[in-house]
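One letter stands for each residue in the lines below.
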Amino acid sequence: MDNCLFCKIIKGEIPSNKVYEDDEILAFKDINPVAPVHILVIPKKHISCAKNIKVEDEALIGKIFTVINKIAEDLKLDKGFRIVNNCGEDGGQEVMHLHFHLLGGKKLGISF
Ligand code: AMP
Ligand code: ZN
């Protein structure tokens, strides 16, 4: 998608601080962290938001969660972490490319 911020990050047109990459998934540090660890994990395929995940994306979305586990292990988030997905306007989604926030490194409160 030409006008998508995260597609531009995937293509390297906008710099990012990458923590994981394979042919299907990219993870990079959030530019405005709200926790000591705040990483965005995204599919390289442009899916605008969670409600547009299709049956054919099931394996890809499942893989995102095992990648999150690998990152969490690498970063020694042994005491746990939080995964957040904001979907659409009411969900507070600002970037319309599916992404999962991986948050940790401290005991998190109720609000995000
Ligand atoms: P959301 O509100 O769920 O759509 O989250 C979008 C997230 O993207 C926010 O936490 C932003 O801080 C983050 N963000 C926006 N631009 C960038 C960027 N260039 N690099 C890294 N993170 C970004
Ligand atoms: Zn995109």
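Relevant structure appears above.
Observations concerning a nonpolar patch on the surface
For step 1, the next point in the chain: Among the surface-exposed residues, F65, F81 and I83 lie close enough to one another that they form a single nonpolar patch of about 230 Å² accessible area.
For step 2, the next point in the chain: Among the secondary structure elements, F65 is positioned in helix α2 (residues 58-74).
For step 3, the next point in the chain: A relative accessible area of 35% means that F65 is categorised as partly exposed.

A few points about the coordination of the zinc ion (ligand 2)
For step 1, the next point in the chain: Looking at the metal site, the zinc ion (ligand 2) is ligated by C4 (SG), C7 (SG), H46 (ND1) and H97 (ND1), spaced 2.0 to 2.3 Å from it.
For step 2, the next point in the chain: Taken together, the four donor atoms surrounding the zinc ion (ligand 2) define angles of 104 to 116° at the centre, an arrangement classified as tetrahedral.
For step 3, the next point in the chain: Donor residues binding the zinc ion (ligand 2) come from one chain and are separated in sequence as C-x2-C-x38-H-x50-H. Pair noted here: C7 is in helix α1 (residues 5-11) and H97 is in the loop between α3 (88-91) and β5 (100-104), with a separation of 90 residues, a long-range link.
For step 4, the next point in the chain: Look at C7 and you get buried, because its relative accessible area is 6%.
For step 5, the next point in the chain: Judged by its relative accessible area of 0%, H97 is buried.

A short note on the pairing of β5
For step 1, the next point in the chain: Most of β5 is tucked away, with five of its five residues classed as buried.
For step 2, the next point in the chain: Here β5 shows no split at all, with F100, L102 and G104 on one side and H101 and L103 on the other all buried.
For step 3, the next point in the chain: With five bridges connecting them, strand β3 (residues 37-43) and β5 associate as antiparallel partners. When the sheet's bridge partners are listed, V37 is paired in β5 with G104.
For step 4, the next point in the chain: Examined bridge by bridge, strand β4 (residues 82-84) and β5 share three bridges and lie antiparallel to one another.

Quick look at the layout of surface pockets
For step 1, the next point in the chain: Computed from the structure, the largest pocket encloses a volume of approximately 500 Å³.
For step 2, the next point in the chain: Forming the boundary of the largest pocket are 23 residues, of which F6, D30, I31, N32 and L40 lie nearest the centre.
For step 3, the next point in the chain: Broken down by secondary-structure element, the contributors of at least two residues to the lining of the largest pocket are α1, β2 (25-29) and β3.
For step 4, the next point in the chain: When residues of the lining of the largest pocket are assigned to their parent elements, the largest contribution, three residues, is made by α1.
For step 5, the next point in the chain: Here the lining of the largest pocket is built from residues that sort into eleven nonpolar, nine polar and three charged.
For step 6, the next point in the chain: Taken as a whole, the second largest pocket encloses approximately 190 Å³ of empty space.
For step 7, the next point in the chain: Forming the walls of the second largest pocket are K76, L77, D78, K79, G80, F81, G105, K106, K107 and L108.

Calculation criteria
- Residues numbered from 1 in each chain as written.
- Chains lettered and ligands numbered in written order.
- Predicted model: local features only at pLDDT ≥ 70, side-chain atom pairs only at ≥ 80, totals over all residues.
- Heavy atoms only, no water.
- Patch = residues over 30% accessible without salt bridge, like charges linked within 9 Å, V, L, I, M, F, W, Y side chains within 5 Å.
- Areas by Shrake-Rupley, 256 points an atom, 1.4 Å probe, with all protein chains shown as cover.
- Salt bridge = Lys/Arg side-chain N within 4 Å of Asp/Glu carboxyl O.
- Helix = DSSP H or I, 4+ residues; strand = E, 2+ residues; numbered from the N terminus.
- Buried < 20%, exposed > 50% of the residue type's maximum accessible area, 1.4 Å probe, protein only.
- Donors = N, O, S within 2.8 Å, 3.2 Å for Na, K, Ca; no water.
- Tetrahedral: all angles 85-135°; square planar, octahedral: opposite > 155°, others 65-115°.
- Pairing = 2+ DSSP bridges.
- 1 Å grid on protein atoms, 1.4 Å probe; cavity = no way out; pocket = protein on both sides within 12 Å on 5 of 7 lines; lining within 4 Å.
- Points joined across faces, edges and corners; volume = space filled by probe spheres on them.
- Nonpolar A, V, L, I, M, F, W, Y, C, P; charged D, E, K, R; others polar.

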